[in-house]
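The lines below spell out each chain.
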Amino acid sequence: VCFITGGLDCSISFVSHVLGKVCVHGWQKEILGVLVPHLTDLTKSDCIWQRICWQLVECVPDRWMEAVVLGFVQRAPGADVLSRLLGNLVVKNKKAQFVVAQKMLLLQYGHTTAVLQNLLGYLALDSGRRPLLLRVLQDLLETWSSSSAVKHSPAEQQLYISKAILICLSHLKEPEIASCRQELLTSMMEGVKCHLESSLPQLRRLGMVVAESISVNINTEGPVLKFEYEEDDETRELKSLLVQTPSFCVVPSLPDDDRSEKAGAALPLAPEKNEKSYTAVPVKADEESDVELDSDDDLIPYDMSEDKELKLKAPMYIRDCIEVLTGSRSEDVDKWEATVKALESLVRRNPAATREVSVELAKILLHLEEKTCIEGFVELCQRAQVAVLTTDPIPVAKYLTSQFYSLNYSLRQRMDILDVLVLAAQELSCPKFHRKTKHSGVQKPCIQLLPESDSSKGWRRIVEERIKSKTRRFDTGQSRVELASCPNEFNSVAGYFFFPLIQHFDRPLTTFDLLGEDHLVLGRLVHTLAVLMYLAVNTVAVTAMGKALLEFVWALRFHTDSYVRQGLLSCISSLLLSVPTEQILADMTEELLETQSWLGDVMEKDPDGDCRRLALQNLLLMENLKRKLEAVSS
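In this convention, every chain numbers its residues from 1, walking through the sequence in written order. Residue-level local features of this predicted model are given only where pLDDT is at least 70; pairs of side-chain atoms are given and counted only at 80 or more, and the full residue set underlies all totals for whole chains, interfaces and linings. For side-chain calculations, the full set of non-hydrogen atoms in the structure is used, while hydrogens and water are omitted.

In the annotation of an unreviewed UniProt entry, the entry for the protein chain reads Telomere length regulation protein TEL2 homolog, and the organism field reads Molothrus ater. UniProt positions are given in the numbering used here, feature names are shortened, and annotations may be inferred rather than shown by experiment. Note on the protein chain: under the UniProt heading Sequence similarities (unreviewed entry), the record states "Belongs to the TEL2 family."

Written as structure tokens, this is what we have:
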């Protein structure tokens, strides 16, 4: 500093080389953890130290530039500090520009939200770097709106890119938005379509949040997009990124930044509240007295405290229910509601009468539409269908599985069929389950195949429970009380639930293509087959079901949708847990060896984290089978 203030030239290239080499050899945290705080203090008010710092990073050789830039971005306490330390390095140095604008945003996704805010805030704090911010936003939107990227990149990377897009939007000014409004609109429409087509609820919700944010920014006066979704911590964090932190609003290089005014306008002001409350007070007493003369306040109301709501009596017979739901009495809305609410209990109390009209009743319930606003209508219909199916399993299962591949059904109805089959199989395999719970709201299988739920979590729980039950533990704890045994009613009907569903998956219909655009239903089908396979343990047909399921999995193992792949891996888990070890080793040895090789590839290369974990779980199960075989042979 003394040389520079005295007008003498000096070079710090040697220090830059030392800094770059130390960082690239793994000592980045140690040296920058000390250097960055010192430089932050020195550059606060001294422009000479700012120039020294800029020269320090600019003289770092390109082969070491990435380690140095990454260290500064990660350890700078804010975007304004990073701007003082790096200056316009990304404009002058191509390597630094690639690291900041490409590698850290599009090729990596492990950085924290604070690092993203530092990085993008740094690009926004100088007029010379703002064109690069626009280019970064366009690259991010291009990746976000790519159907291939949505299918093949992990959910964590999609979340990372979504955060970067929202931070970029928070830094854009109105003229910049106007210059690229059409590009933003095109990317928004393509991206939201790709995300809404995904089978994963998290990706669909990400697409909705980002599309809403883009719509609000490009349509300041007209209508904006608005989706219905359940907010969680992740969505609230994403929306908070649209509001800049205070450190960005006080930077002197952006005097015309009006975003602080927008942020301030969003906060409630006390004077406005007081003013509104003051103006709301009536001031004209004469007008008020005139209104009181015409009011009905002087009338004495009737005493209705002891009045009781008249409850309509529900039908007592199954055939009466059918008449109410389909016949001439369907116009009586109150009678219709009472019938829907009482149908399940009526079916279970009259099994003989139900068997006479079981298929007809299943057809009515499958096509039943809600006429009035009944609380829990979908659940009431589902329970009634389960009651019919468990009362007369074979004919009703034949009907439902045949309708799954029929024409003129919506995707919702097809998924309802799968849900009913799973719930009924659960009840048949555990007969006492129904009597204990009496179909309370908690009664659901271990894997509930609802579109909002992530079935992989339930599958991990199932696999862990079964592995725990098969693991030998040597302890002297208190002995467990054995549960009373009961017959497995699913034993004789498992094939009627399973084989019709697996037969025609590769035959596209006019309005239904499982291997095409209807991959969401395919994912639900795969998970349903996994549940049915798991519930068929110790049944007669379990070996045949295992062979058919293994062929099914092998045909779809390279599917692009991660939800489908999770279901396929769950099928392997069910097969290994349900089919007897002797039958697996006798009838499926070659297939299992090929499956083991495929599972190894999935564990190493699959972009989805749940798929990798399920593949590892299956490999552990196979290792247990191998040890059991070695123990028997020895």
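Let's pick the thread back up.
Novice: Would you explain the side chain of Gln 403 in this entry?
Specialist: Helix and strand definitions follow DSSP, with helices as H or I runs of at least four residues and strands as E runs of at least two, each counted in order from the N terminus. Topologically, Gln 403 is positioned in helix H25 (residues 393-404). Using a 1.4 Å probe on the protein chains alone, a residue whose accessible area is under 20% of its type maximum counts as buried, one over 50% counts as exposed, and one in between counts as partly exposed. Since its relative accessible area comes to 15%, Gln 403 is described here as buried. In this structure Gln 403 touches Leu 366, Tyr 409, Arg 414 and Ile 417, once residues within four positions along its chain are discounted. Pairs of residues are marked as contacts when any of their non-hydrogen atoms sit within 4.5 Å.

Novice: It is not clear to me how the side chain of Asp 608 should be interpreted in this structure. Could you clarify?
Specialist: Following the sequence through the fold, Asp 608 ends up in the loop between helix H34 (589-605) and helix H35 (609-633). When charges are counted, Lys and Arg contribute as positive and Asp and Glu as negative, whereas His and the chain ends are disregarded. We define a salt bridge as a contact between a side-chain nitrogen of Lys or Arg and a carboxyl oxygen of Asp or Glu at a distance within 4 Å. Of the side chains bearing the opposite charge, Arg 565 lies closest to the buried Asp 608, which forms no salt bridge; the N-O distance is 5.7 Å. Whenever a nitrogen or oxygen atom comes within 3.5 Å of another N or O atom, the pair is scored as a polar contact, on the condition that within protein one atom can donate a hydrogen and the other can accept it, and that pairs from neighbouring residues in sequence are kept only if both atoms are in side chains. Polar side-chain contacts of Asp 608 include one of 3.0 Å to the side chain of Gln 566. At 3.0 Å, the side chain of Asp 608 forms a polar contact with the backbone nitrogen of Cys 611. With residues up to four places along the chain from it excluded, the contact list for Asp 608 reads Leu 200, Ser 562, Arg 565 and Gln 566.

Novice: Please explain the confidence of the model for the protein chain as it appears in this structure.
Specialist: When pLDDT drops low, the exact placement of atoms in the prediction is not to be read closely. The score called pLDDT rates the predictor's confidence residue by residue, from a low of 0 to a high of 100. Residues at a pLDDT of 70 or more form 78% of the protein chain, whose mean pLDDT is 80. Under a pLDDT of 50 for its full length, residues 433-456 has, in the predicted model, 53 contacts with residues more than four places off or in other chains. Taken together, the stretch residues 475-479 has pLDDT below 50 and engages in 0 contacts with residues farther than four places along the chain or on a different chain.

Novice: Sorry if this is basic, but what is going on with the packing of helix H2 (residues 13-42) against helix H4 (residues 62-75) here?
Specialist: When two helices pack together, their arrangement is given by the angle between the helix axes and the distance between those axes. Every axis in this analysis is a line fitted to C-alpha atoms, fitted for helices over the stretch in contact. Angles between the N-to-C directions lie between 0 and 180 degrees. Remark: H2 packs on H4, axes separated minimally by 9 Å, with the N-to-C direction vectors making an angle of 25°. Comparing the axis directions of H2 and H4 gives the class roughly parallel. In this structure, H2 crosses over H4, and the sense of that crossing is right-handed. Residue-level inspection shows His 17, Leu 19, Gly 20, Lys 21, Cys 23, Val 24, Gln 28, Lys 29, Leu 32, Gly 33, Val 36 and Leu 39 of H2 in contact with H4, the latter providing Trp 64, Ala 67, Val 68, Leu 70, Gly 71, Phe 72, Gln 74 and Arg 75. Each residue belonging to the contact of H2 with H4 can be placed in one class, and the counts come to 11 nonpolar, 6 polar and 3 charged. Just so you know how the angles are binned, under 35 degrees is roughly parallel, over 145 roughly antiparallel, 65 to 115 roughly perpendicular, and the rest oblique. In this scheme the handedness of a crossing depends on how the near helix is turned from the far one: anticlockwise by less than a right angle means left-handed, clockwise means right-handed. All residues other than Ala, Val, Leu, Ile, Met, Phe, Trp, Tyr, Cys, Pro, Asp, Glu, Lys and Arg, Gly among them, are scored as polar; the first ten of these are nonpolar and the last four charged.

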